[in-house]
Amino acid sequence: MADVRRGRRAAVQTIGPLVERSRASLNGIPDTAWRDPYLVGFMMTLITIVARIESRNLQDHDLGIVQSQAWGAITGMDADLIGEDALTLSKSHPREFQHGCYSATMVASRLCGSAAVASIGYEPWQDPIVSAEEQIFSGDERGAISISNPLTGNWSDNFDAFIATLPSNSLC
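Residues numbered from 1 in each chain as written. Predicted model: local features only at pLDDT ≥ 70, side-chain atom pairs only at ≥ 80, totals over all residues. Heavy atoms only, no water.

(A) The arrangement of the packing of aromatic side chains in detail. Enumeration over the complete set of coordinates arrives at six aromatic pairs. On the basis of an interplanar angle of 35° and a centroid distance of 5.9 Å, the ring pair of Trp34 and Phe159 is categorised as tilted. On the criterion of sequence distance, the pair formed by Trp34 in the loop between helix H1 (2-25) and helix H2 (37-54) and Phe159 in helix H8 (residues 155-164) is long-range, its members being 125 residues apart. Since its relative accessible area comes to 1%, Trp34 is described here as buried. Pairwise contacts between aromatic rings join Trp34, Tyr38, Phe42, Trp155, Phe159 and Phe162 into one cluster. (Phe/Tyr/Trp six-rings, centres within 6.5 Å; stacked < 30°, edge-to-face > 60°. Helix = DSSP H or I, 4+ residues; strand = E, 2+ residues; numbered from the N terminus. Buried < 20%, exposed > 50% of the residue type's maximum accessible area, 1.4 Å probe, protein only.)

Next comes the structure, spelled out in structure tokens:
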């Protein structure tokens, strides 16, 4: 349980302030955003990487606990909501989810260092070689265009820019 606590604490302390800064600068984050395939992939991957770097002995069966508890603490949502979404998306690998996972890997490399990310053997599901158009403008089924470049590893390029494209952002 010590590894679970350490991993959860590291994820919340690393990611939580970034989310809070985004929440303030974006005038809130709609609750529906947290279950969007891109953000599920992004948040679950980022939580996983940060937790595994901090707690290298974290067992796979404990990772789900770390992910749901950290996600709940960071988002302010009921932690029970994310489990089924994450499982379903990780099995089906929709493009938006894969893009979120890959973007999180780039952000983690910038936050924690690429050597630390590489040391845990984490690899994104998405091929890192994407066209210039996909790097800058990635559309989805809502017709939203996200201006982001996952290769930069900037939080605002990969999180804030995506949130800004969501409907009802100002109604939070």
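(B) How the structure looks around the packing of H1 against H8. Where H1 contacts H8, the two axes come as close as 10 Å, and the packing angle between them is 50°. The pairing of H1 with H8 is recorded here as oblique in orientation. In the crossing of H1 with H8, the sense of the turn from one axis to the other is right-handed. On the side of H1, the interface is formed by Ile15, Leu18, Val19, Ser22 and Ser25, while H8 contributes Trp155, Phe159 and Asp160. Here the contact of H1 with H8 is built from residues that sort into five nonpolar, two polar and one charged. (Axes fitted to C-alpha atoms, helices over the stretch in contact; angles between N-to-C directions. Parallel < 35°, antiparallel > 145°, perpendicular 65-115°, else oblique. Left-handed = near helix turned anticlockwise from the far one by under 90°. Contact = heavy atoms within 4.5 Å. Nonpolar A, V, L, I, M, F, W, Y, C, P; charged D, E, K, R; others polar.)

(C) Spatial organisation of the pattern of salt bridges. In total, this model carries four salt bridges according to the counting rule given. For Asp3, the salt bridge identified is with Arg6, shortest N-O distance 2.4 Å. Here Asp3 pairs with Arg6, and both are found in helix H1, just three residues apart, close to one helical turn. (Salt bridge = Lys/Arg side-chain N within 4 Å of Asp/Glu carboxyl O.)

(D) The arrangement of the side chain of Ser55 in detail. Tracing the chain through its elements places Ser55 in the loop between H2 and helix H3 (60-75). A relative accessible area of 1% places Ser55 in the buried class. In this structure, Ser55 is in contact with Asp3, Arg6 and Gly7, ignoring residues within four places of it in sequence.

(E) Highlighting H3. For H3, built from 16 residues, the straight-helix expectation of 22 Å at 1.5 Å per residue is met to within 8% by its first-to-last C-alpha distance of 23 Å. Where H3 is concerned, the buried positions are Asp62, Leu63, Val66, Gln67, Ser68, Ala70, Trp71, Gly72, Ile74 and Thr75. Phi turns positive, to about 80°, at Gly76, one or two residues after H3. (Expected span 1.5 Å × (residues − 1).)

(F) Structural detail: the nonpolar core. Formed by 44 residues in total, the largest nonpolar core has its most connected members in Ile15, Phe42 and Phe159. Those elements giving two or more residues to this core turn out to be H1, H2, H3, helix H4 (82-92), helix H5 (95-112), helix H6 (114-119) and H8. The element contributing the most residues to this core is H2, with twelve residues. Excluding residues within four positions of it along the chain, Phe159 makes contact with Val19, Ser22, Ile29, Trp34, Leu39, Phe42 and Met43. (Core = buried A, V, L, I, M, F, W, Y, C linked by side-chain atoms within 4.5 Å.)

(G) Here's a closer look at unusual backbone geometry. Here Asn27, not a glycine, exhibits a phi torsion of approximately 60°, which is positive. In this structure Asn27 comes out as exposed when scored by relative accessible area, which is 55%. The phi torsion at His93 lies on the positive side, around 50°, for a residue other than glycine. For His93, the position within the fold is in the loop between H4 and H5.

Functional significance is not addressed by these values, which are geometric in nature.
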